[in-house]
Amino acid sequence: MLRLLIGGRSLPNCESNYFSKLLHSSRCLHTSYSPIPNYIQTSSNESRSHSREIDIDLLFHSSTNTHLAKRLHALLIVLGKVQSLFLSTRLLNLYSNLGHISLCQQTFDQISEKDVYTWNSIISAYVRNGIPSDAVNSLYKMLKYEVKPDFYTFPPVLKACRNLNDGSRIHSLILRTGMEWDVFVAASLVHMYCRFGLFDAAYQIFENMPFRDMGCWNAIISGFCQNGKGEKALEVLEEMRIEGIKMDSVTVSTILPVCAQMDDMVQGRLTHLYVVKHGLELDLFVGNAFINFYAKFGELEQAQKVFDSLVTRDLISWNSIIAAYEQNNNPDRALNFFHEMLMYGFKPDLLTLVSVASSIAQSRESQSSRCVHGFILRRCWFEKDVIIGNAVVDMYAKLGDVDSARKLFYKISLKDVVSWNTMITGYGQNGLANEAIEVYHTMVETEYVTPNQGTWASIIPAYAHIGALKEGAATHGRVLKTGQLFDVFIGTCLIDLYGKCGKMEDTMNLFNEVSKTSSVPWNAVISCLGIHGHGETSLKLFRDMIDDGVQPDTITFISLLSACSHSGLVEQGEWCFDVMQQDYGIKPGLKHYGCLVDLLGRAGQLEKAYNFIKNMPLQPDASVWGALLGACRIHGNADLGKLASDRLLEVDPDNVGYYVLLSNIYANAGKWDGVNRVRSLANSKGLKKTPGWSSIELNNKMEVFYTGNQSHPQCDEIYGELENLTAKMKILGYIPDYSFVLQDVEEDEKQHILSSHSERLAIAYGIINTPARTPIRIFKNLRVCGDCHTATKFISRITEREIIVRDSNRFHNFKDGVCSCGDYW
DNA sequence: TTAGGGTTAG
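Residues numbered from 1 in each chain as written. Chains lettered and ligands numbered in written order. Predicted model: local features only at pLDDT ≥ 70, side-chain atom pairs only at ≥ 80, totals over all residues. Heavy atoms only, no water.

Looking at an unreviewed UniProt entry, one finds chain A named DYW domain-containing protein, with Deinandra increscens subsp. villosa as its source organism.

Pasting the structure below:
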């Protein structure tokens, strides 16, 4: 061991005490105690007379952060030791451990006579710091300088090759040097070939090894695990067991993520027993792997137990427990752990912030979103990894702040497919289907990303939302080309698309094709049948689902209840509500209560619905009172309507829809003072009525009409057509229902207002621009007004066309003067 | 002094 003589006037008298402090400093990452400045002060000429022997090795060990490492570097310069090959190589390794690759390079360049240690050190520094190409180049330079590689040289070089996807040259070099059966070299080769997907080559090397240590076993297992061959990994594990070789902590932490991936809880639990029996539970990697394992199965108690039992915790332990709660819908707990982690002095990394952003989105803590954004911005993490940008875009979108989401999205320089999917989903979730479609088109045009399952799952619902059947069907074609048709999620999205576009035949065909082992496709088809008014068929499918042994969930019952509601199946709906609780132990949530109120209310049982609300064990929310208010609108009950809206304005004062409904009720009853009161209340709150719009797809383009639109190029033709139609309708007995006109104006004007409702503009546009007697499909963002409903029935008879209108609530299929909903909606 | 095989991700 190299020792130095340094003077020590101001050194502590008690050397053992001093060293214990020094050692202490090397163990505590967060200490502010720095022994090195003392050395520099004490190394002046005058103090050298009182020289002492100091172990420089300890100084290397105590340099646990960049500041201390630089001090040590300065000390070596002061002592004139920087030219020492041994010390400068150690310094190089120190910088490498601390992640300072440029300082490594500087130190390396200053060394004039480099030996094999020096070359090995710089190679491993490049690998560790993520510059594999420089690592390989260094090997070739080393050969040029005629320094012979040794057993230490190749493992890191092979690791570099793994990331460069090229290893044949190095492999032949290794063969020439005769080092291929060194356990470290061989293990590296095995792992490299697994990464290349050359599993047979990897296994062949593994099989031919004259000697295998744990590292070799782990290399083949982890090689299989990390490259999608989990089952093969388990086979090797079995081989290991037969040969009587015990798993170590590395094996365990490698195998656990695979158990989770393969949904193999049993294997994971057995591994846990093994770990306890063999005393591996104190290993940090093992503990962390178990936290993640249990979190994936939603077993938070177990995950928490493992976390609590850890003797030491690192950043990954904290990240894992935060992610565990975040991914299992407990964002508050996740955020608590984040704060606790900060209190313990841990510095969060990029992955911590990914979980934090998602937690904030879930907990609707919009105030914190800016802090998170700023925190990441200050650290320049957006440039470091696209995952964090995606997470923050998702956070903003989930919080409803689409503007911020979009701004950040366009700032992400290297968008990956997830970035695009996140933005498309974000728009979709906020009801901006047209924007979602626009982003999707840009994504397809950019060509550097290939749409994947996530893309289909985000774009198809957007098409379904606005009823863009042709574009949706074209996407279906694209999905078919990729061979992803039978994926349940995409299949369900398509079922929903065709269902919402009125293509029930296609819906049922698709439903027959997809795998029906989960409740997801059942729920979709039950809900589609519901909005078409096929309540009885929905109930039949529910029975089929039970016969098939598929467990219904809370969504199944929401779909069923709403199907019953649309078809006026009151008794059956009440039966569903009971069965849900008694047979399936599902506690009704607010949505179920809302559906039942809707069911009773639509059927005219307003008092029963009101009593039902009064006896609810949950605090009724806006959807429940909203259902009652809607029913009051249909049945013209102004008193109960007023009561419902009073409650509504307490729980959700900013929702314009309720003001509109109430003003509708008043208008219907001719109470114009009530209408004005509601309108001025809404105005005083700065609320604007959601503009009604309808869309129609023509020549693969969506044409959108807002109520009262006067700027369309075919405006005159459209209004002319409507006038024409109204005249014919009146001959056939159409009487306009002015109660749907909210404004207190003259009758002529009321007629004009009714005729400029967006759905009528879209229908007239369709009539003008499509061949006679072909069907017309319209989508409306709000509910179709009663007068338009009546008018459309007449129009379908006059034009001999099928007119399919999908509104925000359900489906209307007008044919020969009648509507499929039987005027019950 | 230098090396292989390990845990967290939208």
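**Digging into the overall build of chain A**
Helix and strand counts for chain A come out as 45 helices and 8 strands. Taken over the C-alpha trace, chain A has a radius of gyration of 35 Å; the compact-globule value for 825 residues is 28 Å, which it surpasses by more than 25%. Expressed as lengths along the three principal axes of its C-alpha atoms, the size of chain A is roughly 115 × 60 × 55 Å. Out of the 825 residues in chain A, the part that is buried amounts to 51%. When the accessible surface of chain A is totalled, it reaches about 39,200 Å², and 51% of it is carbon and sulfur. (Helix = DSSP H or I, 4+ residues; strand = E, 2+ residues; numbered from the N terminus. Rg over C-alpha atoms; globule rule 2.2 N^0.38 Å. Buried < 20%, exposed > 50% of the residue type's maximum accessible area, 1.4 Å probe, protein only. Areas by Shrake-Rupley, 256 points an atom, 1.4 Å probe, with all protein chains shown as cover.)

**Quick look at unusual backbone geometry**
The phi angle of most residues is negative, glycine excepted, and most peptide bonds adopt the trans form. In the Ramachandran plot, Asp 263 falls in the positive-phi region, its phi being about 60° despite a non-glycine side chain. Position of Asp 263 among the secondary structure elements: in the loop between helix 15 (249-261) and helix 16 (265-277). Residue Asp 263 is classed as exposed on the basis of its relative accessible area of 61%. Backbone geometry places Arg 364, a non-glycine residue, at a positive phi of 60°.

**Focus: helix 38 (residues 622-635)**
An ideal rise of 1.5 Å per residue puts 20 Å on 14 residues; helix 38 measures up with 20 Å between its terminal C-alpha atoms. Within helix 38, 11 of the 14 residues are buried, which leaves the element mostly enclosed by the surrounding structure. All of the buried residues along helix 38 are Ala 622, Val 624, Trp 625, Gly 626, Ala 627, Leu 628, Leu 629, Gly 630, Ala 631, Cys 632 and Arg 633. The elements touched by buried residues of helix 38 are helix 36 (590-602), helix 37 (606-614), helix 39 (638-651) and helix 40 (656-668). Directly beyond the C-terminal end of helix 38, a positive phi value near 65° is found at Gly 636. (Expected span 1.5 Å × (residues − 1). Contact = heavy atoms within 4.5 Å.)

**Regarding the protein's contact with DNA strand B**
In the vicinity of DNA strand B, 52 residues are found, and the nearest of them are Arg 128, Arg 162, Asn 218, Gln 226 and Asn 390. The sugar-phosphate portion of DNA strand B accounts for 39% of its atoms within 4 Å of the protein, the bases making up the rest. The separation between a base oxygen of DNA strand B and a polar side-chain atom of Asn 288 is 2.7 Å. Residues belonging to the surface near DNA strand B are distributed by class as follows: 21 nonpolar, 20 polar and 11 charged. (Near = heavy atom within 4 Å. Polar contact = N/O pair within 3.5 Å; in protein donor to acceptor, adjacent residues only side chain to side chain. Nonpolar A, V, L, I, M, F, W, Y, C, P; charged D, E, K, R; others polar.)

**Considerations on helix 25 (residues 402-411)**
Within helix 25 the residues assigned to the buried category are Val 402, Ser 404, Ala 405, Leu 408 and Phe 409. Along the long axis of helix 25, the arc covered by the buried residues comes to 160°, so they all point the same way. In this structure, helix 25 carries Lys 407 and Lys 411 as exposed residues pointing more than 90 degrees from its buried face. Looking at the buried side of helix 25, the elements it contacts are helix 22 (366-378), helix 23 (381-384), helix 24 (386-398), helix 26 (417-429) and helix 27 (433-446). (Arc of directions from axis to C-beta.)

**Details of the pairing of strand 3 (residues 693-698)**
The element strand 3 is largely enclosed, with a buried count of 6 among its 6 residues. Side chains Trp 693, Ser 695 and Glu 697 project from strand 3 onto one buried face, and the interleaved Ser 694, Ile 696 and Leu 698 project onto a second face that is buried too. Note: strand 3 against strand 4 (residues 701-706), 6 bridges, orientation antiparallel. By the bridge assignment, Ser 694 is partnered in strand 4 with Phe 705. If you look at the hairpin formed by strand 3 and strand 4, you'll find 2 residues sitting between the two strands, and Asn 699 has a positive phi there, around 50°. Pairing of strand 3 with strand 5 (residues 776-780), which is carried by 2 bridges, proceeds in the antiparallel orientation. In the strand pairing of strand 5, Ser 694 is matched with Lys 780. (Pairing = 2+ DSSP bridges.)

**Observations concerning the packing of helix 38 against helix 40**
The interhelical angle for the contact between helix 38 and helix 40, taken along N-to-C directions, is 20°, at an axis separation of 9 Å. One way to sum up the angle between helix 38 and helix 40 is to call them roughly parallel. Here the hand of the crossing between helix 38 and helix 40 comes out left-handed. For the pair helix 38 and helix 40, the contacting residues are Ala 622, Ser 623, Gly 626, Leu 629, Gly 630, Cys 632 and Arg 633 in the first and Tyr 658, Leu 661, Leu 662, Asn 664, Ile 665 and Asn 668 in the second. Of the residues in the contact of helix 38 with helix 40, the class split is 7 nonpolar, 5 polar and 1 charged. (Axes fitted to C-alpha atoms, helices over the stretch in contact; angles between N-to-C directions. Parallel < 35°, antiparallel > 145°, perpendicular 65-115°, else oblique. Left-handed = near helix turned anticlockwise from the far one by under 90°.)

**Quick notes on the environment of Ile 555**
Relative to the helices and strands, Ile 555 is located in helix 34 (residues 554-567). For the pair Ile 555 and Val 190, spaced 365 residues apart in sequence, the C-alpha separation works out to 48 Å.

**Description of the nonpolar core**
For soluble globular proteins, the rule of thumb is that nonpolar side chains tend to be buried together. Ile 170, Ile 221, Phe 290, Ile 459, Ile 460 and Leu 628 are the most contacted members of the largest nonpolar core, which has 206 residues in total. Broken down by element, this core gets its largest block of residues, 9 residues, from helix 11 (residues 183-195). Formed by 34 residues, the second largest nonpolar core is a distinct cluster that contains Phe 740, Ile 767, Phe 794 and Phe 814. (Core = buried A, V, L, I, M, F, W, Y, C linked by side-chain atoms within 4.5 Å.)

**Let's talk about the UniProt feature "repeat: PPR" (unreviewed entry) in chain A**
According to UniProt, the feature "repeat: PPR" (unreviewed entry) maps to residues 115-149, 182-212, 213-247, 314-348, 416-450 and 518-552 in the numbering used here. Within the segment residues 115-149, helix and strand shares are 74% and 0% respectively, and the terminal C-alpha atoms sit 10 Å apart. Structurally, residues 416-450 is divided into 77% helix and 0% strand, and its ends, taken at the C-alpha atoms, are 9 Å apart. (UniProt positions renumbered as here; feature names shortened; annotations may be inferred.)

**Considerations on the sheet that holds strand 6 (residues 803-806)**
The mixed open sheet is built from 6 strands, whose spatial order is 4-3-5-6-7-8. Each end of this open sheet is capped by a strand with a single partner; those strands are strand 4 and strand 8 (818-819). Contacts from helix 44 (residues 758-769) reach strand 3, strand 4, strand 5 and strand 6, with the element oriented near 20° to strand 3.

**Topic: the packing of helix 11 against helix 13 (residues 214-226)**
Closest axis-to-axis distance for the helix 11/helix 13 pair is 8 Å, and the angle between their directions is 10°. Taken together, the axes of helix 11 and helix 13 lie roughly parallel to each other. Only Gly 215, Cys 216, Ala 219, Ile 220, Ser 222, Gly 223, Phe 224 and Gln 226 of helix 13 make contact with helix 11, whose side of the interface consists of Val 183, Ala 187, Val 190, His 191 and Cys 194.

**Quick look at the packing of aromatic side chains**
For the coordinates displayed, the defined rule picks out 30 aromatic pairs. With 5.2 Å between their ring centres and 80° between their planes, Phe 409 and Trp 420 make a pair best called edge-to-face. Residue Phe 409 is located in helix 25, and its partner Trp 420 is located in helix 26; the two are separated by 11 residues in the primary sequence. Note on Phe 409: relative accessible area 0%, which makes it buried. Note on Trp 420: relative accessible area 4%, which makes it buried. Here Tyr 734 and Phe 794 contribute two aromatic rings whose centre-to-centre distance is 5.9 Å and whose plane-to-plane angle is 70°, an arrangement assigned as edge-to-face. (Phe/Tyr/Trp six-rings, centres within 6.5 Å; stacked < 30°, edge-to-face > 60°.)

**A word on the pattern of salt bridges**
Tallied over the full model, the rule gives 16 salt bridges. The salt bridge involving Lys 608 is made with Glu 574; its shortest N-O contact spans 2.9 Å. Taken together, the positions of Lys 608 in helix 37 and Glu 574 in helix 35 (residues 570-582) put the pair 34 residues apart, joining distant regions of the chain. Take Lys 608: its relative accessible area is 40%, and that puts it in the partly exposed class. Between Glu 650 and Arg 647 there is a salt bridge, with its nearest N and O atoms 3.3 Å apart. With Glu 650 and Arg 647 both in helix 39 and 3 residues apart, the pair spans about one turn of that helix. In this structure Glu 650 comes out as exposed when scored by relative accessible area, which is 55%. A residue is classified by how much of its surface remains accessible, and Arg 647, at 29% relative accessible area, is partly exposed. (Salt bridge = Lys/Arg side-chain N within 4 Å of Asp/Glu carboxyl O.)

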